[in-house]
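# Secondary and tertiary structure notes
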Amino acid sequence: MVAMSLLRAAAAFTARLSPLKSGNNAANLLTRTLPRTDKVAVRWGHGKKMFVVKATDFYDRRFLRLLQYYILLTGIPVAVIVTCVNVFIGEAELVETPEGYEPEYWEYYKHPISRWIARTFYDSPVKDYEKMMAAIQIEKEKADLRLTQLEVRRQMRQKGDGPWFQVETLNKELIDNSPKATPDN
Amino acid sequence: MPADFDKGAYPEPPRQTPVVDKQTALPNPALILSKLFYYSVDLPVTTFRGVVDNIRAKNRSVYYHQKFRRVPDLTECQEGDYTCYYEAEMQWRRDYKVDQEIVKVVQERLRACQQREGGSYQQNCAKEIQQFNETTRNFQLRYGDLGAYASGRKCLMKQKERMMAAQA
């Protein structure tokens, strides 16, 4: 009984402190019951559903999903192809070059995909070497010609007996050698 | 199966399997573990290898080792003969690669020897150690500080400097 009066006094005190709160007016001050939050009318399934407030991860998850998709779009076919090549067409074995046989340039590679790339797309290394040598030869000839041209210029300018550096003189037939009327003609 | 490694260069240590002398009726745990390993790891892997080899047996292909002809060196080229320079440069580059691989093989042999001998490697691997020292010293002398843009000409100039230093 004393405890009840103490409780009632405490409830009245809190009602005085915050009179606008819904359970604190005089009508239900004494008869109100404290809400029991542990005995709500739901079955104990996966716990009370909570709305967790956090920053959006939609854009991050969308990025990762798209990244995964575009990587696997070509990644999985490439992995399948490489696995099939390694299982069904194995790597080559190293043997001695037989006498009198000139291997094709792709037969110097071990893995079948390297051999295929060398056979289909690349030129033979011998051909590349020769192309480089041809380019060097052309550049060498160009450089030699330029040097000889400079030397020839020097000689012709100096000696004057070549076709270059000739200055055209006037046509002799244009000169009128007939006697003139006045001396200053 | 791919070719086995060179047994002369990498000798196997003598087997030290003791003679089995069972004196108890209790099972031998080492035997149990080895059998377990065999049936769980070794046998599946070997059968898989056998299966894959049978599949691959129809498409067996071979590859060869490419041998390059020797061409005149940089010292035997006429001055201004740029094609000769190019061929000598390519040959020098191939020789550089070959020398790098030689050094790697010698290193590998020394490493294997050290692993084999354990604590007493300095005494037992004296031959490998001497070979390694000689090879690396020569490699350093010839190709040492040429850098990333090394070329046949720079190597030749380094050789010239070495000869001049040796003469002086």
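Reference entry: report on the structure contained in this document.

### Points about the pattern of salt bridges
Scanning the entire structure with this criterion turns up 16 salt bridges over all chains. Of the charged contacts, one joins Lys180 of chain A and Asp176 of chain A as a salt bridge, the two residues approaching to 3.9 Å between their closest N and O atoms. On the basis of relative accessibility, which here comes to 35%, the residue Lys180 of chain A falls in the partly exposed class. Given the relative accessible area of 47%, Asp176 of chain A is considered partly exposed. Among the salt bridges present, the one from Arg70 of chain B reaches Asp95 of chain B, with a minimum N-O distance of 3.1 Å. One end of the pair, Arg70 of chain B, is in the loop between β1 (62-63) and α2 (82-117); the other, Asp95 of chain B, is in helix α2, with 25 residues separating them in the sequence. Bridged by salt links that share partners, the residues Asp123, Lys127, Asp128 and Lys131 of chain A form one connected network.

### Observations concerning the layout of surface pockets
Space left empty within the atom packing is revealed by a probe, the size of a water molecule, rolled over the atoms. Taken as a whole, the largest pocket holds about 1300 Å³ of empty space. The wall of the largest pocket is formed by 29 residues, among which Val126 of chain A together with Gln66, Lys67, Phe68 and Arg94 of chain B lie closest to the centre. Listed by contribution, the elements that provide at least two residues to the lining of the largest pocket are α4 (125-159) of chain A together with α2 of chain B. For the lining of the largest pocket, the leading source of residues is α2 of chain B, giving eight residues. The residue inventory of the lining of the largest pocket, partitioned by class, reads 13 nonpolar, five polar and eleven charged.

Definitions and cut-offs
- Residues numbered from 1 in each chain as written.
- Chains lettered and ligands numbered in written order.
- Predicted model: local features only at pLDDT ≥ 70, side-chain atom pairs only at ≥ 80, totals over all residues.
- Heavy atoms only, no water.
- Salt bridge = Lys/Arg side-chain N within 4 Å of Asp/Glu carboxyl O.
- Buried < 20%, exposed > 50% of the residue type's maximum accessible area, 1.4 Å probe, protein only.
- Helix = DSSP H or I, 4+ residues; strand = E, 2+ residues; numbered from the N terminus.
- 1 Å grid on protein atoms, 1.4 Å probe; cavity = no way out; pocket = protein on both sides within 12 Å on 5 of 7 lines; lining within 4 Å.
- Points joined across faces, edges and corners; volume = space filled by probe spheres on them.
- Nonpolar A, V, L, I, M, F, W, Y, C, P; charged D, E, K, R; others polar.

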